[in-house]
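# Per-entry structural report
Here is what each chain is made of, one letter per residue.
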Amino acid sequence: MSTLITKLLSTRAGYGLTVLRIFVGIIFTAHGGQKLFGLFGGYGLAGTAQWMESIGLAPGYLMALLAGGTEFFGGLALIIGLLARPAALGLSFTLLVAIFSVHISNGLFMANNGYEFALALLGGTIAVLFEGAGKLSLDGAIIK
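Residues numbered from 1 in each chain as written. Predicted model: local features only at pLDDT ≥ 70, side-chain atom pairs only at ≥ 80, totals over all residues. Heavy atoms only, no water.

The name given to the protein in an unreviewed UniProt entry is DoxX family protein, with the source organism recorded as Pseudomonas morbosilactucae. On record in UniProt, under Sequence similarities (unreviewed entry), the comment for the protein is "Belongs to the DoxX family." The Subcellular location (unreviewed entry) field of the UniProt record for the protein holds the comment "Cell membrane". (UniProt positions renumbered as here; feature names shortened; annotations may be inferred.)

Encoded structure:
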């Protein structure tokens, strides 16, 4: 296998990161489902696009599609551990946009719509980015 693919799929992590990866993946898949499909009380693509336009993320439809797609498919990638590092990179970027465009002015705490939850998820995605998918992942199975 090429060196780049080996680095991309390799992992040093154990079962702890596997648990973190799966739980963070579930959260992102659900959030992406809200944005894309209106699941779990979400607004769907049209509603999310309208909201994104209202906060200055334009064009709203494209931004909603990018954010929702990254969250939904990146979350699925984390759950199964396939291409976990690229998924974590995309999700980290999405979280940074969310923190600095929506939450930062509200302070840290979630009670005020702050960035507390996004920061915790960012920690999880950065851990996957650095350590790889961990045990019980398709990345690990492919690399073997």
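Each helix and strand counted, the protein has seven helices and zero strands in total. Listed N to C, the secondary structure of the protein is α-α-α-α-α-α-α in terms of helices and strands. For the protein, the C-alpha radius of gyration of 16 Å lies close to 15 Å, the compact-globule estimate for 144 residues. Based on the C-alpha atoms only, the size of the protein along its principal axes is roughly 45 × 30 × 25 Å. Within the span of the protein, comprising 144 residues, buried residues form 38% of the whole. (Helix = DSSP H or I, 4+ residues; strand = E, 2+ residues; numbered from the N terminus. Rg over C-alpha atoms; globule rule 2.2 N^0.38 Å. Buried < 20%, exposed > 50% of the residue type's maximum accessible area, 1.4 Å probe, protein only.)

Before going further, it helps to spend a moment on the nonpolar core. Membership of the largest hydrophobic core comes to 17 residues, with the highest contact counts inside it found for Val24, Phe28, Leu78, Ala84, Leu95, Leu121 and Val128. Every element with two or more residues in this core is listed here: helix H2 (15-37), helix H4 (60-80), helix H5 (84-103) and helix H6 (116-131). Beyond its immediate chain neighbours, meaning those up to four positions away, Ala84 contacts Arg21, Leu78, Val128, Ala133 and Asp139. (Core = buried A, V, L, I, M, F, W, Y, C linked by side-chain atoms within 4.5 Å. Contact = heavy atoms within 4.5 Å.)

The next subject is the UniProt feature "transmembrane region" (unreviewed entry) in the protein. Here the UniProt feature "transmembrane region" (unreviewed entry) sits at residues 12-30, 61-84, 91-111 and 117-138. Measuring from the first to the last C-alpha atom of residues 12-30 gives 28 Å, for a span that is 84% helix and 0% strand. A helix fraction of 62% and a strand fraction of 0% characterise residues 91-111, whose end C-alpha atoms lie 23 Å from each other.

On to the environment of Ala120. In this fold, Ala120 is placed in helix H6. By relative accessible area, which is 54% here, Ala120 ends up exposed. The spatial distance from the C-alpha of Ala120 to the C-alpha of Val24 is 9.6 Å, given a sequence separation of 96 residues.

This part covers the side chain of Ser92. Residue position: Ser92 is located in helix H5. Residues contacting Ser92, with those up to four places away along its chain left out, are Leu122, Thr125 and Ile126.

A full pass over the atoms with the stated rule returns two salt bridges. Measuring nitrogen to oxygen at the nearest pair gives 3.0 Å for the salt bridge that ties Glu131 to Arg12. Note that Glu131 is positioned in helix H6 and Arg12 in the loop between helix H1 (3-9) and H2, a separation of 119 residues in sequence. A residue is classified by how much of its surface remains accessible, and Glu131, at 27% relative accessible area, is partly exposed. Glu71 serves as the salt-bridge partner of Lys35, at 3.0 Å between the closest nitrogen and oxygen. Here the residue Lys35 occupies a position in helix H2, and Glu71 occupies one in helix H4, the gap between them amounting to 36 residues. Among the residues examined, Lys35 registers a relative accessible area of 17% and is labelled buried. A residue is classified by how much of its surface remains accessible, and Glu71, at 8% relative accessible area, is buried. (Salt bridge = Lys/Arg side-chain N within 4 Å of Asp/Glu carboxyl O.)

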